[in-house]
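Here are the chains, one letter per residue:
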Amino acid sequence: MSTGVNGIKNMEAQTLNGISVQKIYFQPDVNLDLAIAQIVSATNTIRSVMPPGIQAPIVVSYNASSVPVLQLSLKSDRHSEQQLYDYGLYNLRQQLAPVPGVTFPAPDGGKYRQIMVDIDPVKLQARGLTPTDVVNAVNAQNLTLPSGLAKIGDTQYTVRTNAMPVSITDLNDVPIKYVNGQTVFLRDCRPGA
């Protein structure tokens, strides 16, 4: 990063299990907007050599007026790390975002939800399908699109267009392809099914 960003005074790095924090200090006369643009460009270049599945880097500008005054920690005896992460990202963050002057980055730590789909290559081949067909089907059936309103009489309804499966078992009902007069579902291509 030091070769592509101008005006760096010094850099510090801290790496913990699952996260790396890079602190970059600039000379007093540096144009910060240009420096941040250079950092974003450098992080995008670095991402190309990172392993697949790495979370995208977050670039945050700190100065004396943006030092955190409040830090929240989430803990639960009933909820998993993934559920706490989702709650922090989708509920807590959204509730605090409208407060004037609040800068609320994504949660730090925890585990973000990830679902792996196991497929049986022999079953796929028997149905004339490829792993790409499965990936395309899951991506096409797992969408959240902008919704709208429908007015019927004097009542206005919100149109919900969340096509994400409610539970993991619902993924089994995702249609992959129509083959030989039959719809092939994800459950038909799983090991042991």
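One can find the structure itself at the top, above this paragraph.
Analysis parameters
Residues numbered from 1 in each chain as written. Predicted model: local features only at pLDDT ≥ 70, side-chain atom pairs only at ≥ 80, totals over all residues. Heavy atoms only, no water. Buried < 20%, exposed > 50% of the residue type's maximum accessible area, 1.4 Å probe, protein only. Helix = DSSP H or I, 4+ residues; strand = E, 2+ residues; numbered from the N terminus. Arc of directions from axis to C-beta. Contact = heavy atoms within 4.5 Å. Phe/Tyr/Trp six-rings, centres within 6.5 Å; stacked < 30°, edge-to-face > 60°. Lys NZ or Arg CZ within 6 Å of the ring centre and 35° of its normal. Pairing = 2+ DSSP bridges. Salt bridge = Lys/Arg side-chain N within 4 Å of Asp/Glu carboxyl O.

Novice: Looking at this structure, how should I read helix α4 (residues 131–140)?
Specialist: Residue pairs three or four apart in sequence face the same way in an α-helix, which turns once every 3.6 residues. Listed in full, the buried residues belonging to α4 are Asp133, Val134, Ala137 and Val138. End-on, the buried residues of α4 take up no more than an arc of 125°, which puts them together on one face. On the buried face of α4, the contacting elements are α3 (121–126) and β5 (175–179).

Novice: Got a minute to help me understand the environment of Phe185 in this structure?
Specialist: Its place among the elements puts Phe185 in strand β6 (residues 182–185). Expressed as a C-alpha distance, the spacing of Phe185 and Val134, which sit 51 residues apart in the sequence, is 9.3 Å.

Novice: I would appreciate a short explanation of the packing of aromatic side chains in the present structure.
Specialist: To describe a pair of aromatic rings, you give the distance between the ring centres and the angle between the ring planes. Enumeration according to the criterion identifies zero aromatic pairs in this entry. The side chain of Arg187 reaches across the aromatic face of Phe185, ending 4.4 Å from its centre.

Novice: In this structure, what is going on with the pairing of β6? I would like to understand it.
Specialist: The side chains of a regular strand alternate, first on one face of the sheet and then on the other. Sheet topology places β5 next to β6; four bridges connect them, and they run antiparallel. In the sheet register, Tyr178 faces β6, and the bridge partner there is Thr183. Taken together, β5 and the strand that follows it, β6, pair antiparallel across an intervening segment of two residues, in which Asn180 is found at a positive phi of about 50°.

Novice: Sorry, what's going on with the pattern of salt bridges here?
Specialist: Evaluation of the coordinates by the stated rule reveals two salt bridges. The partner of Asp173 in a salt bridge is Arg187, with the nearest N and O atoms 2.4 Å apart. Placement of the pair is Asp173 in the loop between β4 (155–158) and β5 and Arg187 in the segment after β6, with a sequence separation of 14 residues. Owing to a relative accessible area of 44%, Asp173 belongs among the partly exposed residues under this scheme. Judged by its relative accessible area of 33%, Arg187 falls in the partly exposed class.

No statement about biological role is implied by the geometric values presented.
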